[in-house]
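Fold and contact review
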Amino acid sequence: MLHQPDRDLIRAIYTDKLSTPQVAELIGSPSTARSVRRRLRTLLTRMLSPTFEFVLGHADTWPETRRRVAKSYVLQGRSLRETASHLRLTLHEVRTLTAVIDALADQHAAEPAR
């Protein structure tokens, strides 16, 4: 579900046990250890959110457009505008669908555990 660079970053830090300066050096771009840490923090915040978990568990049962928006926006971390452009939808459609996804996730979180 994650973009390949995000998967590579998670794998490098948690599987290969590389430090953020080592990852920054491997990337070879103007990335610094600080930017790698910031990217990792952003990625982990998204992955540990209840909405991310909800989408992972429920998106396969949703209508195709809602599922595509959820995967692009919630799982892959694209912005609303990037999601709209990537999926060739209007920004209004994407906003509406993300509001539905958020409402469903909130409703799911409010339900008592079974």
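Just above sits the structure.
Read on for a plain summary of the structure.

What counts and how
- Residues numbered from 1 in each chain as written.
- Predicted model: local features only at pLDDT ≥ 70, side-chain atom pairs only at ≥ 80, totals over all residues.
- Heavy atoms only, no water.
- Helix = DSSP H or I, 4+ residues; strand = E, 2+ residues; numbered from the N terminus.
- Buried < 20%, exposed > 50% of the residue type's maximum accessible area, 1.4 Å probe, protein only.
- Expected span 1.5 Å × (residues − 1).
- Arc of directions from axis to C-beta.
- Contact = heavy atoms within 4.5 Å.

A few words on unusual backbone geometry. Of note in the backbone geometry, Lys-17 takes a positive phi value of approximately 60° without being a glycine. Considering the arrangement of structural elements, one finds Lys-17 in the loop between α1 (4-15) and α2 (20-27). In this structure, Arg-88 takes a positive phi of about 60° despite not being glycine. On the secondary structure map, Arg-88 appears in the loop between α6 (80-87) and α7 (91-110). Arg-88 gets classed as exposed once you look at its relative accessible area, which sits at 77%.

Among the structural elements, Thr-32 can be located in the loop between α2 and α3 (33-47). Owing to a relative accessible area of 43%, Thr-32 belongs among the partly exposed residues under this scheme. As for Thr-32 and Gln-22, which are separated by 10 residues in sequence, their C-alpha atoms are 9.6 Å apart.

This part covers α7. Taking 1.5 Å per residue, 20 residues should reach 28 Å; α7 reaches 28 Å between its end C-alpha atoms and fits that length. For α7, the set of buried residues is Leu-91, Val-94, Leu-97, Thr-98, Ile-101 and Ala-105. Within α7, the buried residues cover an arc of 130° as seen down the axis, which keeps them to one side. Away from its buried face by more than 90 degrees, α7 exposes His-92, Asp-106 and Ala-110. For α7, the secondary structure elements touched by its buried residues are α4 (50-58), α5 (64-75) and α6.

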